[in-house]
Amino acid sequence: HVYDDLGTVVIHPGALEKHDDGAVLGKAHRLGAIALSWAHVQQGLRAKDDGHDVALHELAHVLDVSDGDFDGTPELERPAEVHAWAQAFSSAFLRVRGAKPGHILRAYAGTHEAEMFAVATEVSGQDLSWFFDAVVRGTATIDYDIGSAVTRPVPEPHGVFDTQQGRKTVSQ
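Everything in this summary refers to the structure shown in the same document. (Residues numbered from 1 in each chain as written. Predicted model: local features only at pLDDT ≥ 70, side-chain atom pairs only at ≥ 80, totals over all residues. Heavy atoms only, no water.)

### Here we look at helix α2 (residues 54-64)
With respect to burial, α2 is a largely interior element, eight of its 11 residues being buried. Every buried residue of α2 is listed here: Val54, Ala55, His57, Glu58, Ala60, His61, Val62 and Asp64. Tucked into the core, α2 has its buried residues touching β4 (26-29), β5 (33-37), α1 (38-46) and α4 (113-124). (Buried < 20%, exposed > 50% of the residue type's maximum accessible area, 1.4 Å probe, protein only. Helix = DSSP H or I, 4+ residues; strand = E, 2+ residues; numbered from the N terminus. Contact = heavy atoms within 4.5 Å.)

### Concerning the sheet that holds β4
The sheet built from three strands is open, its strands ordered β1-β5-β4 with mixed pairing. Each of the sheet's edge strands pairs with one partner strand only, and the pair in question is β1 (8-12) and β4. Strand-to-strand twist in this sheet, taken as the mean axis angle between neighbours without regard to direction, amounts to 10°. The pairing of β1 with β5 spans five bridges and is classified as parallel. Across the sheet, residue His12 finds its bridge partner in β5, namely Ser37. Sheet strands in contact with α1 are β1 and β5, and its direction is about 75° off that of β5. Together, β4 and β5 form the strand contacts of α2, whose direction differs from that of β5 by roughly 165°. (Pairing = 2+ DSSP bridges. Axes fitted to C-alpha atoms, helices over the stretch in contact; angles between N-to-C directions.)

### Description of the pairing of β4
Side chains Gly26 and Ala28 project from β4 onto a buried face, and the interleaved Lys27 and His29 project onto a face without burial. When β4 meets β5, the two strands line up antiparallel, connected through four bridges. Bridging from a neighbouring strand, His29 pairs with Ala33 of β5. Hairpin connection, β4 to β5: the antiparallel pair is bridged by three residues, and Gly32 has positive phi, about 90°.

### A word on a nonpolar patch on the surface
Together, Val9, Ile11 and Trp38 make up a nonpolar patch on the protein surface, roughly 280 Å² of accessible area in all. Within the secondary structure, Trp38 sits in helix α1. By relative accessible area, Trp38 is classed as partly exposed at 40%. (Patch = residues over 30% accessible without salt bridge, like charges linked within 9 Å, V, L, I, M, F, W, Y side chains within 5 Å. Areas by Shrake-Rupley, 256 points an atom, 1.4 Å probe, with all protein chains shown as cover. Salt bridge = Lys/Arg side-chain N within 4 Å of Asp/Glu carboxyl O.)

### As for the pattern of salt bridges
For the coordinates displayed, the defined rule picks out three salt bridges. Across the pair Glu17 and Lys27 runs a salt bridge, and its minimum N-O distance is 2.5 Å. With Glu17 in strand β2 (residues 17-19) and Lys27 in strand β4, this residue pair connects regions lying 10 residues apart in the sequence. According to the relative accessible area criterion, Glu17 is partly exposed, its value standing at 30%. Close ionic contact of Glu122 with Arg106 constitutes a salt bridge, the shortest N to O distance being 2.9 Å. Residue Glu122 is located in helix α4, and its partner Arg106 is located in the loop between α3 (79-97) and α4; the two are separated by 16 residues in the primary sequence.

As structure tokens, this is what we get:
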């Protein structure tokens, strides 16, 4: 049961803390509690495509720490799963750390493995267990088939992007 260790959710009306480099919008604690900024939870619900969802982010930390550490690796059942996860995740983490602004995972994902796991969860906004089941618990051979392909114009991108000039929001 995924969230058995989640015991307490503390809701704050706004940011939990403010620092020179920004505000803390959520926190996950090793003891099974999370704290969330209600204003930012609501913002995440309204702007589903911007890649920012403090609730998903902190719940990802709860999954991450289920094995005892905030390290980007959720609790896995078998040593082979841990090995497969470590190979795939560490490779991805190194790519994110070296990514240029505008990468789908914002720069914060490259600060720590736990943050990459949480930001990837937050950005996806969906259950990615099917992917991790194939990569981690599967045969280690990813074998997908493309049934058909079509060509169509790509719509203008929208969302929030980190660029060299700073954060840019593009609306539809």
